[in-house]
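Chain by chain, the residues run as shown.
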Amino acid sequence: PGRNPYSEPVERLNTLHPWLEHIKGLGCNALYIGPLFQSVGHGYETTDYYTLDGRLGTNETLKRFICRAHELGIRVVLDGVFNHVGRDFFAFRDLLQHREGSGYTDWFCHVNFRGNNRFGDGLRCDNWGGDDALVKLNQKNPAGRDYISNVIRFWVREFDIDGIRLDAADVLDHGFMQVLRCVANEVKPEFWLMGEVIHGNYSMWVNDRTLHSVTNYQLHQALFSGHNSNNYFEIAHTVDRMNSMGLRLYNFVDNHDVERIYSKLRNKAHFVPVHILLYTLPGVPSVYYGSEFGIEGRKVPGSDAPLRPALCLEHFGQNDLAGFIAALGRIRQSTGVLSHGDYQQLHLTNTQYAFSRSCGQWDVPVAVNSESR
């Protein structure tokens, strides 16, 4: 349901169990899943970081799900929405009730008791994206930092998660991210912090003190644009720029915020070279659920719902595109140089692109051709 009724939990998360076997079959070894904790509606207006959203089940539901993922060798990364909270978050409710007398005033940014908002609260404070339903946290506040740090410790202790994707990382305070990195180093070896970053110099966020990786929107844009315009120079130039940073970025061709790759490609046959590049270029490749089947999804005014449908795995059966993705997954897992090797461009024209990935005695050449047949 789009709105949380705050009623008895319903274990809808269990419907994802068949997908774990499918993920394993695709050759993927990690699952990043969107916000799961109690929220007002879409998940990004959190009201309780310690309780699984009742529309998905109970905390035990999530424990069983992650345990099963681990049995299959799949690590689980949860969405950490720490830039803002929903209006039902306990500290904001206290602020509304006690106003100047609240002990949580400094948990939020620029609280103004002489202002107002669209809810008629008789106060104003910063929000995210101009939406008063998303109340911005003050990440410089020590008590707030401790609270979120303890949330992460709880998620690891109770659910055994393996990492966090930080929502809206490009607007998070860097000192706050340094605190989160310290917590990540503390809770579990190889615990992974990945941030959502749209624009900018990625090395500002990815370094030894803050995050391990960020979303590679620049490569995402180049991969479909370069194929739609028969311009491998655009892709190669982007790869050179990204590679010069020396970072392992989170690569993707679509996600919950952008249109499906099969919808964006003018020539559907380019699905093949696009994914060959996704799996072989430097970085961490990822697949958005359903896109391995070549499903379509375009934005509509005022709603991203077409990008985020509920899918039933059984409806797809055998699918050539999914089989192709699974083959790439097997190649990726059996060829370590594709994960860690150096990159060198070998050949480049508008419609032909070749490069090698090298490490020690291994040298793996990759070539794609976008010319129509």
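Cut-off values and rules
- Residues numbered from 1 in each chain as written.
- Predicted model: local features only at pLDDT ≥ 70, side-chain atom pairs only at ≥ 80, totals over all residues.
- Heavy atoms only, no water.
- Pairing = 2+ DSSP bridges.
- Helix = DSSP H or I, 4+ residues; strand = E, 2+ residues; numbered from the N terminus.
- Salt bridge = Lys/Arg side-chain N within 4 Å of Asp/Glu carboxyl O.
- Buried < 20%, exposed > 50% of the residue type's maximum accessible area, 1.4 Å probe, protein only.
- Contact = heavy atoms within 4.5 Å.
- Core = buried A, V, L, I, M, F, W, Y, C linked by side-chain atoms within 4.5 Å.
- Axes fitted to C-alpha atoms, helices over the stretch in contact; angles between N-to-C directions.
- Parallel < 35°, antiparallel > 145°, perpendicular 65-115°, else oblique.
- Left-handed = near helix turned anticlockwise from the far one by under 90°.
- Nonpolar A, V, L, I, M, F, W, Y, C, P; charged D, E, K, R; others polar.

(A) The arrangement of the pairing of strand 3 (residues 46-52) in detail. Across 3 bridges, the pairing between strand 2 (residues 37-39) and strand 3 is antiparallel. If you follow Ser39 over to strand 3, its bridge partner there is Thr46. Linking strand 2 back to strand 3 in an antiparallel pair, the connection comprises 6 residues, with Gly43 at a positive phi of about 110°.

(B) View of the sheet that holds strand 6 (residues 127-128). Strand order in the open sheet formed by 3 strands is 5-7-6, with antiparallel pairing between adjacent strands. Each edge of the sheet is formed by a strand with only one pairing partner; in this case those strands are strand 5 (84-85) and strand 6. Two strands pair when backbone bridges link them, and strand 5 and strand 7 (residues 131-136) are joined in this way by 2 bridges, in the antiparallel orientation. Bridge pairing in strand 7 links Val85 to Val135.

(C) Here's a closer look at the pattern of salt bridges. According to the stated counting rule, one finds 25 salt bridges in the structure shown. One salt bridge connects Glu71 with Arg68, and the closest N-O pair in it is separated by 3.0 Å. Of this pair, Glu71 and Arg68 both sit in helix 2 (residues 59-71), 3 residues apart, which is roughly one turn of that helix. For Asp132, the salt bridge is made with Arg124, and the minimal N-O distance between the two is 3.9 Å. The class for Arg124 is partly exposed, based on a relative accessible area of 33%. By sharing partners, the salt bridges in this structure join Glu60, Lys63, Arg157 and Glu158 into a single network.

(D) Local environment of the side chain of Thr47. As for its position among the elements, Thr47 is in strand 3. Apart from the residues lying within four places of it in its own chain, the contact partners of Thr47 are Tyr6, Gln38, Ser39, Val40, Asp88, Phe89 and Phe90.

(E) Fine view of the nonpolar core. By size, the foremost hydrophobic cluster in this structure holds 65 residues, and its most contacted members are Tyr49, Phe82, Phe108 and Trp155. Looking at this core element by element, the count peaks at 8 residues for helix 4 (residues 142-159). If near-sequence neighbours (up to four positions away) are discounted, Phe82 is found in contact with Tyr49, Leu137, Gln139, Ile148, Val151, Ile152, Trp155, Ile164, Leu166, Leu172, Phe176 and Leu180. Residues Ala222, Leu223, Tyr232 and Phe355 belong to the second largest nonpolar core, which totals 26 residues.

(F) Just the packing of helix 4 against helix 5 (residues 174-187), in detail. Contact geometry for helix 4 and helix 5: axes closest at 10 Å, N-to-C directions at 30°. By the angle class used here, helix 4 and helix 5 are roughly parallel. Of the two elements, helix 4 crosses helix 5, and the hand of that crossing is right-handed. Of the residues in helix 5, those in contact with Arg145, Ile148, Ser149, Ile152, Arg153 and Val156 of helix 4 are Gly175, Phe176, Val179, Leu180, Val183, Glu186 and Val187. Tallied by class, residues from the contact of helix 4 with helix 5 come to 8 nonpolar, 2 polar and 3 charged.

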